[in-house]
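Chain by chain, the residues:
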Amino acid sequence: MLTPASKFTVERLTFSTLTELPNTWKNQDYKELLIKMNYDNPDAISEAELKEMCLMSFTDLEPREAAEIVLSYLFPEELTAGQIENLAHQMLTEKLWEENPELPLHKGFYQGTQLLHDAYNGTFPSTKAVEFQVKCTAENPADLAIFADAPAAPLLRLLAAGLPANALLNRLFSTQLAGDSFEEAQSILWQITTKETTDTSIVFDVVSSANWLEDFKYTDSYEATTHADTQATEAA
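The paragraphs below set out a description of the structure included in this document. Quantities reported herein were computed from a predicted structural model and do not represent experimental measurements.

**What to know about the packing of aromatic side chains**
A complete count under the given rule lists twelve aromatic pairs for this structure. Taken together, a centroid distance of 6.5 Å and an interplanar angle of 20° make the contact between Trp25 and Tyr73 stacked. Here Tyr73 lies in helix α3 (residues 63–74) and Trp25 lies in the loop between β2 (16–18) and α1 (27–36), a separation of 48 residues in the sequence. Note on Tyr73: relative accessible area 22%, which makes it partly exposed. Where Phe132 meets Phe216, the ring centres are 4.8 Å apart and the plane angle is 35°; that geometry is what we call tilted. Of this pair, Phe132 sits in strand β3 (residues 129–138) while Phe216 sits in the loop between α11 (210–213) and β6 (221–226), and the two are 84 residues apart along the sequence.

Structural data, given as structure tokens:
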């Protein structure tokens, strides 16, 4: 049974475009990548120089080989060696975070391509993401509870309502947006951070691919309904 709809006023507060996702590549990641490139004692590198040394070490390799290292680091369990080899070739020309059918891998594809694009000065495709803050005010304050455990699906339903009817998100996921299960939502909204809450409203900071939500920059304020996914239960 479909969860009852909750009515909200949605306000876009900020909007910006990004090339690098916030708080994704950390110093420990650079160290691990250097180890994969057989760099001796990366712990001896100062934290201020780790990223630069990692990027320089990539350029000692062929771009395809560097892509294989990055993919094997990002997806140690998700991809086979053969898949990594094929995807490393594709990374040179394709925007895998938009074009690959496996949505759960999109964020990682974006991260990897962004790092390699920086290292090889544009040999890999350029990356573009969006970050914005959005305020969701509930007509019934109790409805804020729908964001408590799994905010991605109900939030994405609200955001989609602010996009044109022919937007990619609305065209590809009309069934999930209207239905009781939208598992893909957590792969579309890459980062969701709660910035502020009151008794009646909540402000989210959202990071996603420009492919899905760039048109949200044209949105101001609107009313929309949303609902949480229905949690299926299996009989014992």
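**Considerations on the packing of α3 against helix α4 (residues 81–91)**
In contact at an axis separation of 8 Å, α3 and α4 are set at 125° when each is read in the N-to-C sense. By the angle between their axes, α3 is oblique relative to α4. α3 and α4 meet at a crossing whose hand is right-handed. Residues Arg64, Ala67, Glu68, Leu71 and Ser72 of α3 touch α4, and the partners they reach there are Ile84, Glu85, Leu87, Ala88, His89 and Met91. Across the contact of α3 with α4, the residue classes break down as six nonpolar, two polar and three charged.

**Here's the deal with the pairing of strand β5 (residues 201–209)**
With nine of nine residues buried, β5 is to be regarded as a mostly interior element. Two strands pair when backbone bridges link them, and β3 and β5 are joined in this way by nine bridges, in the antiparallel orientation. The partner of Thr137 across the bridge, within β5, is Ser201. Summarising the sheet, strand β4 (residues 189–197) and β5 pair through seven bridges and their orientation is antiparallel.

**With respect to helix α7 (residues 152–161)**
In terms of burial, α7 is a largely internal element, nine of the ten residues being buried. Within α7 the residues assigned to the buried category are Ala152, Ala153, Pro154, Leu155, Leu156, Arg157, Leu158, Leu159 and Ala160.

**A word on the nonpolar core**
Formed by 38 residues in total, the largest nonpolar core has its most connected members in Leu33, Met37, Phe58, Leu71, Phe109, Leu116 and Tyr120. Elements with a minimum of two residues in this core: α1, α2 (50–58), α3, α4, α5 (96–99) and α6 (106–119). The dominant element in this core, judged by the number of residues it contributes, is α3, at six residues. Here Met37 is in contact with Cys54, Ser57, Phe58, Leu61 and Ile69, once residues within four sequence places are set aside. Formed by 37 residues, the second largest nonpolar core is a distinct cluster that contains Leu103, Ala138, Ile146 and Phe182.

Each value, and the rule that gives it
- Residues numbered from 1 in each chain as written.
- Predicted model: local features only at pLDDT ≥ 70, side-chain atom pairs only at ≥ 80, totals over all residues.
- Heavy atoms only, no water.
- Phe/Tyr/Trp six-rings, centres within 6.5 Å; stacked < 30°, edge-to-face > 60°.
- Helix = DSSP H or I, 4+ residues; strand = E, 2+ residues; numbered from the N terminus.
- Buried < 20%, exposed > 50% of the residue type's maximum accessible area, 1.4 Å probe, protein only.
- Axes fitted to C-alpha atoms, helices over the stretch in contact; angles between N-to-C directions.
- Parallel < 35°, antiparallel > 145°, perpendicular 65-115°, else oblique.
- Left-handed = near helix turned anticlockwise from the far one by under 90°.
- Contact = heavy atoms within 4.5 Å.
- Nonpolar A, V, L, I, M, F, W, Y, C, P; charged D, E, K, R; others polar.
- Pairing = 2+ DSSP bridges.
- Core = buried A, V, L, I, M, F, W, Y, C linked by side-chain atoms within 4.5 Å.

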